[in-house]
Amino acid sequence: MHCGKMANLMESFEQQYATLTADITSRIGRIPNQTGSEKVSTINNVERLLEETREVLEQMEIEVRNLTGREREKYQTRFHSYQTELTKLEKDFKKSKIAFSDGMRAREDLLGTEDGHTSEDQVSVYDDD
């Protein structure tokens, strides 16, 4: 394949990558403020987008191997920075999910137990003398 065509293909992969990572970043930012099925849906969408992004990077890596000289060096450097960025996004995603589950536990502690009784209800049971 001609280097110009490969460079165009790489540019296409880079555009896909940029679109996917922008969407992932936006959705990760929303997770802490969502609840219930909306949050579950966002988490599932982020997982799907992360998988798509990994696939784009795999395709990009294959194409980089087929490039030569300066083109290869240029795209290899970019590819490594994309991998690093994706790893950071995956960590941010993991943190947002952990913050969510910790936040839910803290919320339950503040508002009551899962059976709907507040901590005040539980205390009043013991106060009845």
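If you're wondering where the values come from, they're calculated on a predicted model, not measured in any experiment. (Residues numbered from 1 in each chain as written. Predicted model: local features only at pLDDT ≥ 70, side-chain atom pairs only at ≥ 80, totals over all residues. Heavy atoms only, no water.)

1. Re the overall build of the protein chain
Heads up, the condition is: The way it works is that DSSP assigns letters per residue, a run of H or I at least four long becomes a helix, a run of E at least two long becomes a strand, and they are numbered from the N terminus. Type-normalised accessible area, obtained with a 1.4 Å probe on protein chains alone, sets the label of each residue: buried when under 20%, exposed when over 50%, and partly exposed for intermediate values. Contacts are assigned to residue pairs with any non-hydrogen atoms lying within 4.5 Å of each other. Per-residue and other accessible areas follow the Shrake-Rupley method at a 1.4 Å probe size, with only the shown protein chains counted as cover for residues.
Helix and strand counts for the protein chain stand at 4 helices and 0 strands. Counted from the first residue to the last, the protein chain has its helices and strands arranged as α-α-α-α. Classification of the 129 residues of the protein chain by burial places 26% in the buried group. Considering only residue pairs separated by 6 or more positions, the protein chain has 69% of its internal contacts joining residues 24 or more positions apart. Only carbon and sulfur atoms are counted for the fraction: they give 50% of the accessible area of the protein chain, which is about 8,800 Å².

2. Section: the packing of aromatic side chains
What counts here: Aromatic contacts are taken between Phe, Tyr and Trp rings whose centres are within 6.5 Å, Trp giving its six-membered ring; a plane angle under 30 degrees counts as stacked, one over 60 as edge-to-face, and the others as tilted.
Summed over all chains, the structure comprises 1 aromatic pair. With centroids separated by 4.5 Å and ring planes inclined at 35 degrees, the aromatic side chains of Tyr-17 and Tyr-82 adopt a geometry described as tilted. Residue Tyr-17 is found in helix α1 (residues 3-30), and its partner Tyr-82 is found in helix α3 (residues 69-111); the two are separated by 65 residues along the sequence. Each member of the pair, Tyr-17 as well as Tyr-82, is classed as buried.

3. Looking at helix α2 (residues 36-66)
Rule in force here: Helix span, expected: 1.5 Å multiplied by one less than the number of residues in the helix.
Taking 1.5 Å of rise per residue, the 31 residues of α2 would be expected to cover 45 Å, and the 46 Å separating its terminal C-alpha atoms lies within 8% of that figure. All of the buried residues in α2 are Lys-39, Thr-42, Ile-43, Val-46, Leu-49, Leu-50, Thr-53, Val-56, Leu-57, Met-60, Glu-63 and Val-64.

4. Regarding the nonpolar core
Grouped burial of nonpolar side chains is what soluble globular proteins tend to show. Here is the rule: Residues belong to a common nonpolar core when they are buried Ala, Val, Leu, Ile, Met, Phe, Trp, Tyr or Cys residues joined through side-chain atoms within 4.5 Å.
Within the largest apolar cluster, 23 residues are counted, with the highest numbers of intra-cluster contacts made by Met-10, Tyr-17, Ile-24, Val-46, Leu-57, Met-60 and Phe-93. The set of elements that each furnish at least two residues to this core consists of α1, α2 and α3. Beyond its immediate chain neighbours, meaning those up to four positions away, Tyr-17 contacts Thr-53, Val-56, Leu-57, Met-60, Tyr-82, Glu-85 and Leu-86.

5. Section: the environment of Leu-86
Tracing the backbone shows Leu-86 in helix α3. Considering only alpha carbons, one finds Leu-86 and Arg-54, 32 residues apart in sequence, at a separation of 8.0 Å. If we ignore the near neighbours within four places in the chain, the residues touching Leu-86 are Tyr-17, Leu-50, Thr-53, Arg-54 and Leu-57.

6. Digging into the side chain of Ser-96
How we decide: Pairs of N or O atoms within 3.5 Å make up the polar contacts considered here, provided that, within protein, one atom can donate a hydrogen while the other can accept it, and that residues adjacent in sequence are counted only when both atoms are side-chain atoms.
Along the chain, Ser-96 falls in helix α3. For Ser-96, the side chain forms a polar contact with the main-chain oxygen of Phe-93, separated by 2.8 Å. Beyond its immediate sequence surroundings of up to four residues, Ser-96 is in contact with Ile-28 and Ile-31.

7. Overview of the pattern of salt bridges
This is how it is decided: Any carboxyl oxygen of Asp or Glu within 4 Å of a side-chain nitrogen of Lys or Arg constitutes a salt bridge here.
Scanning all chains against the criterion turns up 8 salt bridges. Lys-88 serves as the salt-bridge partner of Asp-92, at 2.8 Å between the closest nitrogen and oxygen. Taken together, the positions of Asp-92 and Lys-88, both in helix α3 and 4 residues apart, correspond to about one turn of that helix. Classification of Asp-92 as partly exposed rests on a relative accessible area of 24%. One network of salt bridges, in which partners are shared, links Glu-51, Arg-54 and Glu-90.

8. Topic: the environment of Val-56
The residue Val-56 is located in helix α2 in this model. When its relative accessible area of 5% is taken as the criterion, Val-56 is described as buried. Residues Val-56 and Leu-20, spaced 36 residues apart in sequence, show a C-alpha to C-alpha distance of 9.5 Å. Every residue in contact with Val-56, bar those within four places of it in the chain, is listed here: Phe-13, Gln-16, Tyr-17 and Leu-20.

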